[in-house]
Amino acid sequence: MDTEQLIHQLADRPAPVRRLAAPWRRAAVWFAISLPYVAVVIFAHAMSMTMPIDLSQMLHDRQFIIEQIATLLTAITAVMAAFCSIVPGYDRKVLVIPLLPLAIWLLALGDGCIRDWIHLGSRGLEVRADWNCLPPAALIGIVPALAIVIMLQRGAPIYPRATLALAALAVAALGNFGLRLYHVGDASIMVLFWHFGSVIVLSLIAGWIGQFVLRWKTAGLETQP
Amino acid sequence: MNPQNQADPLGLLMRAAQDGDSAAYLRLLKEITPLLRRAVRQRRRFLQPSDVEDLVQDILLSLHSVRATYDPARPFLPWLLTIARNRMADGSRRQMRRTVNEVSVAEYPETFSAAPTNTLETRYGDPDALRQAIGRLPSGQRRAVEMLKLREMSLKEAASASGMSVVALKVAVHRGMNTLRKTLSVEA
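Residues numbered from 1 in each chain as written. Chains lettered and ligands numbered in written order. Predicted model: local features only at pLDDT ≥ 70, side-chain atom pairs only at ≥ 80, totals over all residues. Heavy atoms only, no water.

(A) Broad picture of the overall build of chain A. Counting secondary structure elements, chain A contains nine helices and zero strands. Starting at the N terminus and walking to the C terminus, you meet the elements of chain A as α-α-α-α-α-α-α-α-α. Overall, chain A is about 75 × 35 × 25 Å in size when its C-alpha atoms are taken along their principal axes. Long-range pairs, those at least 24 residues apart, make up 87% of the contacts in chain A between residues at least 6 apart in sequence. Counting every atom, chain A has about 11800 Å² of accessible surface; 70% of that belongs to carbon and sulfur. (Helix = DSSP H or I, 4+ residues; strand = E, 2+ residues; numbered from the N terminus. Contact = heavy atoms within 4.5 Å. Areas by Shrake-Rupley, 256 points an atom, 1.4 Å probe, with all protein chains shown as cover.)

(B) Layout of the side chain of B:Arg67. Residues and elements named next belong to chain B. Structurally, Arg67 can be placed in the loop between helix 4 (49-65) and helix 5 (76-100). Within the buried set, Arg67 has no salt-bridge partner at all; the shortest N-O distance to an opposite charge, 9.9 Å, is to Asp19. A polar atom in the side chain of Arg67 sits 2.7 Å from the backbone oxygen of His64. (Buried < 20%, exposed > 50% of the residue type's maximum accessible area, 1.4 Å probe, protein only. Lys, Arg positive; Asp, Glu negative; His and termini not counted. Salt bridge = Lys/Arg side-chain N within 4 Å of Asp/Glu carboxyl O. Polar contact = N/O pair within 3.5 Å; in protein donor to acceptor, adjacent residues only side chain to side chain.)

(C) The interface of chain B and chain A, seen in detail. The partner chain A presents 33 residues to the 36 residues of chain B that form the contact. Buried surface at the junction of chain B and chain A, both sides included, amounts to about 2900 Å², of which 63% is carbon and sulfur. One can count two salt bridges joining chain B with chain A. Of the charged contacts, one joins A:Glu4 and B:Lys30 as a salt bridge, the two residues approaching to 2.5 Å between their closest N and O atoms. Put simply, the parts of the chain that give the side of chain B that touches chain A at least two residues each are helix 2 (9-18), helix 3 (22-43), helix 4 and helix 5 of chain B. Per-element accounting of the side of chain B that touches chain A gives the leading share, nine residues, to helix 4 of chain B. In terms of residue class, the side of chain B that touches chain A is made up of 14 nonpolar, eleven polar and eleven charged. (Buried area = accessible area lost by both parts, 1.4 Å probe. Nonpolar A, V, L, I, M, F, W, Y, C, P; charged D, E, K, R; others polar.)

(D) Quick look at the confidence of the model for chain A. Per-residue pLDDT for chain A averages 85, and the proportion of residues at 70 or more is 92%. When pLDDT is averaged over each helix and strand of chain A, the minimum, 72, is found for helix 3 (residues 55-60) of chain A and the maximum, 94, for helix 7 (residues 142-152) of chain A. (pLDDT = per-residue confidence, 0-100.)

If you want it as structure tokens, here you go:
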């Protein structure tokens, strides 16, 4: 088809489009959907396991507070970066911002591992399987993941792999933020292996499939009525 | 309207296009097409003019599909050029994939002129030499070649005429043809 002809075809049907809201606004919408859901899953799991969430213990555990702040900041920055990455024209540097809170989270966990090792010796670095956590861990990400994928598909897939990896990082970090609420006294190595490890693995898998999930929707556009 | 828009006429046109203004969209597309063409030519100097047009059209279609992502508060050209660069990179990747799986042939050999497609028989043009070479074959091979190749008898007919088995005839004609090929290629 001639380019001039294509231009006329495209301009003949410019149905009004709803502009995409600013990334921070879309991030806020995502949190508004995801946070209540995460809270419900955590509450239901805590009830089923008869494990009350001990607020006083949390507030006295400095290590725990640092980890939770870093996890939440990872989720916030990752979702912001994911929404920025689907709007052409944003600086690519925005994509690496979530690495900072992620590094703080990793450092806090590393520090915790060293402390556990000093206090408990090799027992402090034992990794055990905690299968009780698997159902809520799998459940907690469903709604946030669906919401973010649907929201991202409205954008431009400029960096599909990075975008989906960041989305998975946001979902997993938010899920971990919730799951940690009833894992206050856990050994850092367990959190490092199961929680942080799952975040990284999920992000890598999402990055790998990103180009299949987020694609340009140009096929057949020139022939559409 | 913010000052950004006042200095960005293309941004204004895009904003109107987002609101459904057909004339503004047409004007915008007409104004950006030469810019895109120039950008593609600059970055992909090796492309043929038809490939440049394909890429420009791909960028226009991509722009159309994501026009909701343009924020009128932000400059238009960085938005457009990010899409263009991305589609150019995708185009290069597609081209790379295609060329990896393709074998380029500069010249298709033709049966009537190119040597590789011609058989020994048609290339060899001296019937006397061929007759002498057949005459020098061992008798079994010579008879097999004469019956199966020169008189074009079937294997069954040749077997009953010569008293040889079909298998023996096949072996003899194969060896005879090999010997002829070697003899004639040395002579040639």
